[in-house]
Protein chains: 2
Amino acid sequence: MKSESDFRLSCPIPIEEYPRVLLAHGGGGRLMGRLIEKIFLAAFRDSELDRRHDSAVLPWDRGRIALTTDSYVVHPLFFPGGDIGSLAVHGTVNDLAMSGARPLYLTAGYILEEGLPMETLWRAARSMGDAARASGVRVVAGDTKVVERGKGDGIFINTAGVGFLETDRLIGPESIRAGDAVLLSGDVGRHGMAILAVREGLEFESAITSDSAPVADPVLALLREGIDVRCLRDLTRGGLASALNEIAVSSSLGIRIDESLVPVREDVDAACAILGLDPLYVANEGRFIAFVCEAEADRTLAILRSYPVSAGACRIGETIGETPGVVSLRSRIGATRILDLLSGEQLPRIC
Amino acid sequence: MKSESDFRLSCPIPIEEYPRVLLAHGGGGRLMGRLIEKIFLAAFRDSELDRRHDSAVLPWDRGRIALTTDSYVVHPLFFPGGDIGSLAVHGTVNDLAMSGARPLYLTAGYILEEGLPMETLWRAARSMGDAARASGVRVVAGDTKVVERGKGDGIFINTAGVGFLETDRLIGPESIRAGDAVLLSGDVGRHGMAILAVREGLEFESAITSDSAPVADPVLALLREGIDVRCLRDLTRGGLASALNEIAVSSSLGIRIDESLVPVREDVDAACAILGLDPLYVANEGRFIAFVCEAEADRTLAILRSYPVSAGACRIGETIGETPGVVSLRSRIGATRILDLLSGEQLPRIC
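Conventions and cut-offs
Residues numbered from 1 in each chain as written. Chains lettered and ligands numbered in written order. Predicted model: local features only at pLDDT ≥ 70, side-chain atom pairs only at ≥ 80, totals over all residues. Heavy atoms only, no water. Helix = DSSP H or I, 4+ residues; strand = E, 2+ residues; numbered from the N terminus. Rg over C-alpha atoms; globule rule 2.2 N^0.38 Å. Buried < 20%, exposed > 50% of the residue type's maximum accessible area, 1.4 Å probe, protein only. Contact = heavy atoms within 4.5 Å. Lys, Arg positive; Asp, Glu negative; His and termini not counted. Charge placed at Lys NZ, Arg CZ, Asp CG, Glu CD. Axes fitted to C-alpha atoms, helices over the stretch in contact; angles between N-to-C directions. Parallel < 35°, antiparallel > 145°, perpendicular 65-115°, else oblique. Nonpolar A, V, L, I, M, F, W, Y, C, P; charged D, E, K, R; others polar. Domains from an automatic or database assignment. Buried area = accessible area lost by both parts, 1.4 Å probe. Salt bridge = Lys/Arg side-chain N within 4 Å of Asp/Glu carboxyl O. Polar contact = N/O pair within 3.5 Å; in protein donor to acceptor, adjacent residues only side chain to side chain. Phe/Tyr/Trp six-rings, centres within 6.5 Å; stacked < 30°, edge-to-face > 60°. Lys NZ or Arg CZ within 6 Å of the ring centre and 35° of its normal. Least-squares fit on C-alpha atoms with pLDDT ≥ 70 in both. Pairing = 2+ DSSP bridges.

**Student:** What is the right way to read the overall build of chain A from this model?
**Tutor:** The secondary structure content of chain A amounts to 10 helices and 14 strands. In terms of overall dimensions, chain A is globule-like: its C-alpha atoms have a radius of gyration of 21 Å, near the 20 Å expected for 351 residues. For chain A, buried positions account for 64% of its 351 residues. Looking at chain A alone, contacts between residues at least 24 apart form 86% of all its contacts between residues at least 6 apart. Distance between charge centroids for chain A: 4 Å, based on 37 positive and 48 negative side chains.

**Student:** Help me understand the packing of helix α2 (residues 30-44) of chain B against helix α5 (residues 118-135) of chain B, please; the structure alone is not making it clear to me.
**Tutor:** Two quantities define a packed helix pair, namely the angle between the axes and the distance from one axis to the other. Residues and elements named next belong to chain B. Two numbers describe how α2 lies on α5: the axes approach to 7 Å, and their chain directions differ by 30°. Taken together, α2 and α5 sit at an angle that is classed as roughly parallel. Touching L35, K38, I39, F40, A42, A43 and F44 of α2 are M118, L121, W122, A125, R126, M128, G129 and R133, all from α5. For the contact of α2 with α5, a count of residues per class yields 11 nonpolar, one polar and three charged.

**Student:** Help me understand the domain arrangement of chain A in this model?
**Tutor:** By convention, interface size is frequently given as the accessible area that disappears when the constituent parts associate. Residue and element names in this part refer to chain A. Segmentation of chain A into domains returns domain 1 (23-165) and domain 2 (173-338). The centre of domain 1, based on its C-alpha atoms, is set 28 Å off from the matching centre of domain 2. Taken together, the 20 residues of domain 1 in the interface contact 23 residues of domain 2. In total, about 1,700 Å² of surface goes out of reach between domain 1 and domain 2, with carbon and sulfur atoms giving 66% of it. A per-residue breakdown of the area domain 1 buries against domain 2 is headed by P80, N94 and M98, which together make up 34% of the total. Summed over the shared surface of domain 1 and domain 2, the number is zero salt bridges. The interface formed by domain 1 and domain 2 holds seven residue pairs in polar contact (both at pLDDT 80 or more) in total. Counting residues per element, the ones that place at least two in the side of domain 1 that touches domain 2 are β3 (78-79), α4 (84-97) and β5 (101-113). Considering only residue class, the side of domain 1 that touches domain 2 consists of 11 nonpolar, seven polar and two charged.

**Student:** Mind showing me how you'd approach the packing of aromatic side chains here?
**Tutor:** For any pair of aromatic rings, the description rests on two quantities: the centre-to-centre distance and the angle between the ring planes. Under the counting rule described, the total for this entry stands at seven aromatic pairs over all chains. A centroid spacing of 6.3 Å and a plane angle of 40° characterise the contact between F44(A) and Y110(A), whose relative ring orientation is tilted. Residue F44(A) is located in helix α2 (residues 30-44), and its partner Y110(A) is located in strand β5; the two are separated by 66 residues in the primary sequence. Accessibility classification places F44(A) together with Y110(A) in one group, the buried group. Three or more aromatic residues joined by ring pairs make a cluster, and in this case those are F40(A), F44(A) and Y110(A). Positioned above the aromatic ring of F78(B), the side-chain terminus of R123(B) is 3.8 Å from the ring centre.

**Student:** It is not clear to me how the relation of the copies chain B and chain A should be interpreted in this structure. Could you clarify?
**Tutor:** Each of the two copies of the chain can be brought onto the other by a rotation about an axis and a shift along it. Of the transformation placing chain B onto chain A, the axial shift is 0.0 Å and the rotation is 180°, giving an RMSD of 0.0 Å. Between the two chains, the operation in question is that of a two-fold axis. Of the interface residues in chain B, 100% have counterparts in chain A that sit at the interface too, so the contact is made through matching surfaces.

**Student:** Quick question: what am I supposed to make of the sheet that holds strand β12 (residues 314-320) of chain B here?
**Tutor:** Neighbouring strands of a sheet are bound in pairs by backbone hydrogen bonds; such pairs are parallel or else antiparallel. Residue and element names in this part refer to chain B. Across the sheet, which stays open at both edges, the seven strands sit in the order β9-β11-β8-β12-β10-β13-β14 with mixed pairing between neighbours. Each edge of the sheet is formed by a strand with only one pairing partner; in this case those strands are β9 (229-234) and β14 (336-338). Ignoring which end each strand starts from, the neighbouring axes of this sheet average 25° apart. Alignment of strand β8 (residues 181-184) against β12, held across four bridges, turns out to be antiparallel. What sits directly across from A181, in β12, is E318. Each of β8, β9, β10 (254-258), β11 (288-292), β12 and β13 (327-330) touches helix α8 (residues 239-251); the most contacted strand, β11, lies at about 35° to it.

**Student:** Please explain the interface of chain B and chain A as it appears in this structure.
**Tutor:** Taken together, the 80 residues of chain B in the interface contact 80 residues of chain A. Across the interface of chain B and chain A, roughly 6,200 Å² is buried in total on both sides, 53% from carbon and sulfur atoms. Summed over the three residues of chain B that lose the most area to chain A, namely D54(B), L67(B) and R237(B), the buried surface amounts to 12% of that side. Connecting chain B to chain A are 30 residue pairs in polar contact (both at pLDDT 80 or more). Sorting elements by how many residues they give to the side of chain B that touches chain A places strand β2 (residues 63-72) of chain B first, with nine residues. Of the residues in the side of chain B that touches chain A, the class split is 35 nonpolar, 23 polar and 22 charged. When strand β1 (residues 56-60) of chain A meets β2(B), the two strands line up antiparallel, connected through five bridges. Paired with P59(A) across the two strands is R64(B), which belongs to β2(B).

In structure tokens, the structure reads:
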């Protein structure tokens, strides 16, 4: 991992020239042209982006596309295990993967606050470019705006993603049947706790690192292997509990989960206990749930476990025909309670 | 046009319940679900958006797609002739049209500031939905984030757009040849001056209204009629002068423009004169330039003039093999000067 001073030295707009972003860097003139060329084109390196035309023009085969968008307002911009740039890639490619699509193209819309250190922008953009290449997607269109000091917060990034549907199946809550197995791709709660620890200056025995990562490879492997994937959902804001609740409502089925089967790392669990948070509601950025028919659950787990990002995949429960829309949790001490949707969010701005 | 009190009455989240946006409205819980359902799904009305899955899944024919993105941080949010919602549609569909693509799908990423009046959000979202339907595009994916008071500015909207390429031609600066005609779709400077007048509380004899409008219809008509369109560019930040400069550099050609041929409305011209602004650098949102071979210039103008949005189309100059990268302007008094790129922007946050 590069240090901050490495980014100061490598920043293509030298600190002597423009140490900070000016309002004029968003103005459509010479300064914006230089910002785009020196920072964004250098960070994202794509021939289509280099054309700098109004739209990227991209080849397409007959079929269906998936389209998604997310804005990233995470605070702080850099945290153990990731930063706003890599998050803006992972969050969006994961949304595409959840539809059974191979992520192909990203757009990048930056809203910068006047006064942002230029090296901070470079560091975030570099990380975004690196994460895109590592995830096998191209950043092919972009936009930059600058708002006055106090009207933004450093960097906001919006990414939209386009993917190619690799299946004819409709992957979504409407495809789930009663008796399907509910699988989880790994331990939960790391991303939210990593952010919170930095934000609040908390010191735990070991640094909790975010689970932020792209998950398209294991998902596409399931489809390639012919697994009858009913529904996929990545666990972001609101965590596992919120995702299960949304799906229970959309599918008009009940979901039954066993708390003892949901992996939570010891340090995450301890930090949650200290802060009075429930790890089932804490955000993740590299975790997803998969609903598959019971007969294929073991084969699905074996495929997922063969990829590092989902090596900790496990079965956590099943869907039931009774209590439609309700998620019930069998706790570690054997009691059953309803796992409800929270009204707001335990932790704002974690993505 | 609806009045503000109409929006207060029609806002689907009643003022007694949540008069303003809370941080929790961005938290992934029950409140966010309600905000999405009551405001965004009601405003955008699309079956694919209603699925509320991670990505929209869309049919596609063999061919090429165009992909673009823009963030909108316009201040104020509402202005004569438009608002941030309609602008977020027009700006993005116009970018697609500039590649010769038929705009089809939009994404909508909203970054809201805590405390935003709910009716303001409703008004902007409604306008965006109306503008999308009027432009023939569907809003199929969305995202909502809320940042703390003082970390944003009311509403920022990012839209990404996907379009279908209706031509095999490469429409871009690389296709321009020396001797091509430079056509302009109508009078310039209205959008920037409309924004500025509201922002600065200036009173002119008549209110200047923005030219914000979708321009895909006349552009696609040119392609349908077989016009050999070399390059198209919409005139946004930096105005006509900046667009011409970018194209002169990218095409390695000179561009010669006649100032007396560039239409500027009398009220815009007068307002610019008072404020010391050059209308050639002022932003537009419904104007574009087209480069076509000289022999087809008249037929192109006839087609453009048959559409209300480009009824004022005219020829303003031509490309030349000499002075590559330079835009020269023959002024009204007959002198020739170089029309340079400004360093920043005359007016920040006009889009």
